[in-house]
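Per-entry structural report
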Amino acid sequence: MFHCSMSNAQETFTELTGDLDYPMLIVTTRADGETAGCLVGFATQCSIDPPRFIVCLSDKNHTFRVASRASALAVHFIPADDTELARLFGSQTGDRIDKFSRCLWHPGPREVPILDECSRWFVGQILNRRSLGDHCAFLLEPIAASSDGGSDNLAFDQVKLLEPGHDA
């Protein structure tokens, strides 16, 4: 029988999950005339019928504060070769710079920023928010979507050495 202490379980859990190669996404939003966006690794489809998706945002970042006032989020699937866009949205903070002045974008449904470099995206109406420790889960219902049929997404392994704009 295997026994481990709580601290060993947490260390082993961190090691196990550190080996997962999550798809990386960029979430953008707009509220009260303020735009925001960040790189996200914690996200998943959570229902087929009705279609639902969960995005988790760190409660320490600028995007979380704007998303807390927003009615919708855009979820962008980053092309596998676009580490610069990931660096902009993952290593910079909207508290210090305007990320949207450094990339091409256009207003989408509900004026949510749509990143021109990401041809695969959806906008989801925020149905619910729930605190999950140091992240907040946003439950989304898709209201608009676009896809060019591609399937190669940027993965965690490609960006894990980026310095985050905020602590997790």
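The notes below deal with the structure included here. (Residues numbered from 1 in each chain as written. Predicted model: local features only at pLDDT ≥ 70, side-chain atom pairs only at ≥ 80, totals over all residues. Heavy atoms only, no water.)

Focus on the overall build of the chain
Tallying secondary structure elements over the chain gives 4 helices and 9 strands in all. Taken from the N to the C terminus, the helices and strands of the chain come in the order α-β-β-β-β-α-β-α-β-β-β-β-α. Relative to its full complement of 168 residues, the chain shows a buried share of 39%. Of the roughly 9400 Å² of accessible surface on the chain, 52% is carried by carbon and sulfur atoms. (Helix = DSSP H or I, 4+ residues; strand = E, 2+ residues; numbered from the N terminus. Buried < 20%, exposed > 50% of the residue type's maximum accessible area, 1.4 Å probe, protein only. Areas by Shrake-Rupley, 256 points an atom, 1.4 Å probe, with all protein chains shown as cover.)

Some thoughts on unusual backbone geometry
Here the bond from Asp-49 into Pro-50 is cis, since omega is 10°, no more than 30 degrees from zero. Tracing the backbone shows Pro-50 in the loop between strand S3 (43-47) and strand S4 (52-58). At Asp-32, a position not held by glycine, the phi torsion is positive, near 50°. Turning to its location among the elements, Asp-32 is positioned in the loop between strand S1 (25-31) and strand S2 (34-40). The class for Asp-32 is exposed, based on a relative accessible area of 67%.

Structural notes on the sheet that holds S2
Strands in a sheet are paired, the pairing made by backbone hydrogen bonds, and the direction either parallel or antiparallel. One open sheet accounts for 7 strands, arranged S2-S1-S5-S8-S9-S4-S3; its pairing is antiparallel. Here the strands that pair on one side only, and so sit at the sheet edges, are S2 and S3. Direction aside, the axes of adjacent strands within the sheet are offset by 35° on average. Lying over the sheet, helix H3 (residues 83-91) contacts S1 and S2, oriented at roughly 110° with respect to S2. (Pairing = 2+ DSSP bridges. Axes fitted to C-alpha atoms, helices over the stretch in contact; angles between N-to-C directions. Contact = heavy atoms within 4.5 Å.)

Worth remembering: the numbers are spatial, not functional.
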